[in-house]
Structure formats: structure tokens, C-alpha cells
Amino acid sequence: MRRKVTKAIFPVAGLGIRFLPATKSVPKEIMTLVDRPLVQYAIDEAREAGIKEFIFVTSRGKGALEDYFDHSPILEQELRRKGKDDLLDILKGTNMDSGAIAYIRQHQALGLGHAVWCARRLIANEPFAVILPDDVIAAETPCLQQMVEAYEETGGNMVAAMEVPPEKTSSYGVLDVKEDMGSVVSVNGMVEKPKADEAPSNLAVIGRYILAPSVLRNLNKKKQGAGGEIQLTDAIAEDIAADVPVYGYRFRGQRFDCGSKAGFLQATVAFALARDELRDDLMSYITEIVQVSKAAQ
């Protein structure tokens with residue numbers, strides 16, 4: 001019987017340089033889309049997929065991130081006293097039970113693969129998920145849940161994938177497809193950030209993974225890849241060479257790159273428009289500024 005995926009690693013050690021000066025004192029992961037931090041979307045997705053243990057790979061200056069998941073008795077008491085049960089329920093969704101969450105420090109910025117490797121002792125010999133909070137995915141069925149359901153049929157390693165324009169392949173890990181089976185593709189290899197004319201396809205890896213423990217053993221070799229960093233895609237590619245199957249999963253949903261300012265703004269608008277209490281006012285404003293812009297032209 002295939003082991004269930006119950007642990008997830010969240011690499012959140014980055015400095016958020018593209019969002020300075022905001023990230024000088026505020027971890028990027030708790031910057032808000034509408035009224036929820038980026039990391040809350042990732043946690044909610046993980047919970048829906050059956051994740052029970054949450055491992056955060058952090059760095060210096062991330063204390064606010066840790067505080068976010070702690071209980072706030074005074075605030076809860078005040079909301080209860082004022083009868084604000086709806087807000088109290090929302091607040092409870094941000095709390096993590098004792099023992100469900102762990103924090104590991106990444107002392108050097110040596111790449112995504114290194115960040116995942118830092119959590120190796122908490123994974124042991126079982127499959128695990130990796131979620132990058134920068135990649136926010138709006139989907140009727142959460143992306144990781146879709147992947148877990150597919151993984152139960154395939155085993156091996158699985159990465160979320162989507163088609164990107166050929167000129168964008170140099171920003172992603174790209175799949176060399178062996179067999180295309182629709183939502184699932186089997187993989188011959190993975191190339192990190194290839195030039196457009198060297199990319200084996202335009203099927204790019206985005207920030208959701210279900211990985212076998214053998215990937216951690218590959219990372220233990222600490223091989224440097226693109227950019228002189230320890231790349232997670234390289235460690236997954238090593239499994240292919242060792243006949244451990246790797247699959248790409250075309251998820252159903254819309255992905256927003258919230259590691260970029262443009263992607264963050266697009267996500268903010270999209271998630272706000274999805275809210276009944278915000279949609280009409282926001283749409284009226286958008287329509288108004290579009291009309292003003294056209295008139296000015």
C-alpha cells in the first residue's frame with residue numbers, strides 16, 4: 001500500500017528583495033492578498049490535501065511569520081466579548097496546533113534544493129510535499145489535492161506543471177516529456193532554466209511537488225547547478241536516471257506568480273473579484289479607470 005503524503009515543506013527563507021522596502025521588516029510570506037497572507041493560502045491548500053505536519057524553512061528576520069501561526073488569546077477574547085463570531089472563526093483558521101508546525105533555519109541562501117535538504121531530518125523515509133507560497137493557485141479543487149489524488153495512482157515523484165510561452169522557459173525548470181497522458185505526463189528529464197532554443201518543451205515546473213525520500217538523498221550530495229545553487233530539479237532528475245519515475249501534472253486552475261509585483265497585483269484583483277462583498281465596488285472602479293484611460297487617449 002502506498003504511503004500517504006502527510007508532511008509538507010514550505011521554503012520561506014528568501015529575503016523578498018523584489019518587494020523592498022516593504023520586506024525590510026515584513027516577511028514577504030505574510031504580505032496580504034486582500035485580507036489573507038500569502039502563506040495562509042498555502043496552508044489552507046495543504047490542509048485540504050491531507051497534510052498534517054507543516055515544516056517551514058526560514059531565515060533570520062522571519063519572527064513575524066512564526067507569530068502569525070500562534071494563538072492570540074487577548075484578540076480572541078475581545079472578538080468573543082463583542083460577539084464577532086465570524087471573525088473569531090477566521091482567526092481560528094490561522095492557528096496551528098502544538099506539534100503540527102516546525103521551523104528550520106537555512107543559514108545560507110544556496111537554492112531551493114538546499115532549503116528542502118535542510119528539512120531532511122523531519123521527513124525521514126516517507127514521501128513529502130513541497131509548496132512554494134509565492135505560487136498562489138486559484139482552483140475549485142486545490143492544486144495539491146489534485147496532485148495527491150493523481151499520486152495515489154502513479155507513485156514516484158510528481159511536479160505541478162503548466163505550459164508557458166517559449167521565451168519564458170529560461171525562468172523555470174522545464175520537463176522533457178516521455179509520454180503525454182493528458183493531465184499526467186511521464187518525464188525523461190528536467191532542465192533548469194534553459195534558453196528558449198534549448199528547452200525540451202514548454203511544460204514548466206511550478207511550486208508544487210510530491211517527492212520520494214530518495215530526492216533528499218540526492219540533495220545530500222550538494223551538487224551545484226544553475227546559478228551555482230543546489231537545484232531541486234537536478235535532484236529530481238537524478239531519480240529519473242535511477243529509474244524512479246517522475247511525472248508532471250497539469251493542474252486545473254490559475255497560477256499567479258506572487259514573487260513578482262505584477263503577479264501579486266493580478267492575484268489581488270482576481271481574488272478580490274471572487275469575493276461577493278467586494279466584486280461590485282471593485283468592478284465599478286476598474287470600469288471607471290478604464291473609461292478614463294480611454295478618454296485620455
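Everything here concerns the structure above.
Small disclaimer: the values here were computed from a predicted structure and weren't measured. (Residues numbered from 1 in each chain as written. Predicted model: local features only at pLDDT ≥ 70, side-chain atom pairs only at ≥ 80, totals over all residues. Heavy atoms only, no water.)

Visitor: For the overall build of the chain, give the residues involved together with the corresponding values.
Guide: What the chain contains, in helices and strands, is 11 helices and 13 strands. Scaling as 2.2 N^0.38, a compact globule of 297 residues should have a C-alpha radius of gyration of about 19 Å, and the chain matches this with 20 Å. By its C-alpha atoms, the chain is 60 × 55 × 35 Å across when sized along the principal axes. Residue burial in the chain is summarised as follows: out of 297 residues, 46% are buried. Of all intrachain contacts in the chain linking residues separated by at least 6 positions in sequence, the fraction that spans at least 24 positions is 74%. Carbon and sulfur atoms provide 50% of the accessible area of the chain, an area that totals close to 15,500 Å². Here the chain carries 36 positive and 41 negative side-chain charges, and the mean point of each set is 5 Å from the other. (Helix = DSSP H or I, 4+ residues; strand = E, 2+ residues; numbered from the N terminus. Rg over C-alpha atoms; globule rule 2.2 N^0.38 Å. Buried < 20%, exposed > 50% of the residue type's maximum accessible area, 1.4 Å probe, protein only. Contact = heavy atoms within 4.5 Å. Areas by Shrake-Rupley, 256 points an atom, 1.4 Å probe, with all protein chains shown as cover. Lys, Arg positive; Asp, Glu negative; His and termini not counted. Charge placed at Lys NZ, Arg CZ, Asp CG, Glu CD.)

Visitor: Give me the lowdown on the packing of aromatic side chains, citing residues and values where you can.
Guide: The relation between two aromatic rings is expressed through the spacing of the ring centres and the mutual angle of the planes. Tallying each qualifying case throughout the model produces 8 aromatic pairs. On the basis of an interplanar angle of 70° and a centroid distance of 5.0 Å, the ring pair of Y41 and F271 is categorised as edge-to-face. Highlighted residues: Y41 in helix α1 (residues 38-48) and F271 in helix α10 (residues 261-273), separated in sequence by 230 residues. Note on Y41: relative accessible area 11%, which makes it buried. Overall, the relative accessible area of 16% leaves F271 in the buried class. An aromatic cluster of three or more residues is present, and its members are F10, F54, F56, Y68, F69 and Y103. One Lys or Arg, R36, reaches over the ring of Y41 and ends 4.0 Å from the middle of that ring. One cation-aromatic arrangement involves R120 over W117; the distance from NZ or CZ to the ring centre is 3.7 Å. (Phe/Tyr/Trp six-rings, centres within 6.5 Å; stacked < 30°, edge-to-face > 60°. Lys NZ or Arg CZ within 6 Å of the ring centre and 35° of its normal.)

Visitor: Please give an account of empty space enclosed by the protein that cites residues and values.
Guide: Counted by the stated rule, this structure contains 1 cavity of 30 Å³ or more. Here the largest cavity is characterised by a volume of approximately 50 Å³. Those elements that place two or more of their residues in the lining of the largest cavity are α8 (214-219) and α9 (232-241). If one sorts the elements of the lining of the largest cavity by residue count, α9 sits on top with 3 residues. Classifying every residue of the lining of the largest cavity by side-chain character gives 3 nonpolar, 2 polar and 4 charged. (1 Å grid on protein atoms, 1.4 Å probe; cavity = no way out; pocket = protein on both sides within 12 Å on 5 of 7 lines; lining within 4 Å. Points joined across faces, edges and corners; volume = space filled by probe spheres on them. Nonpolar A, V, L, I, M, F, W, Y, C, P; charged D, E, K, R; others polar.)

Visitor: For the environment of K92, give the residues involved together with the corresponding values.
Guide: By secondary structure assignment, the location of K92 is in helix α4 (residues 85-92). Taking relative accessible area as the criterion, K92 reaches 44% and is therefore assigned partly exposed. Sequence spacing of K92 and E48 is 44 residues, and the spatial spacing of their C-alpha atoms is 16 Å.

Visitor: Kindly report on a nonpolar patch on the surface, identifying the contributing residues and their values.
Guide: On the surface, L15, I17 and L20 cluster together into a nonpolar patch covering about 330 Å² of accessible area. Summarising the element assignment, I17 is placed in the loop between β1 (7-11) and β2 (32-33). (Patch = residues over 30% accessible without salt bridge, like charges linked within 9 Å, V, L, I, M, F, W, Y side chains within 5 Å. Salt bridge = Lys/Arg side-chain N within 4 Å of Asp/Glu carboxyl O.)

Visitor: Residue-level account of the side chain of R208, with values.
Guide: Examined against the element boundaries, R208 turns out to sit in strand β11 (residues 203-211). At 2.8 Å, the side chain of R208 and the side chain of E45 are in polar contact. Separated by 3.2 Å, the side chain of R208 and the backbone oxygen of L132 make a polar contact. Apart from residues no more than four positions distant in its own chain, R208 is found in contact with E45, V130, I131, L132, D135, V136, I137, C143, M147, M158, V159 and A160. (Polar contact = N/O pair within 3.5 Å; in protein donor to acceptor, adjacent residues only side chain to side chain.)

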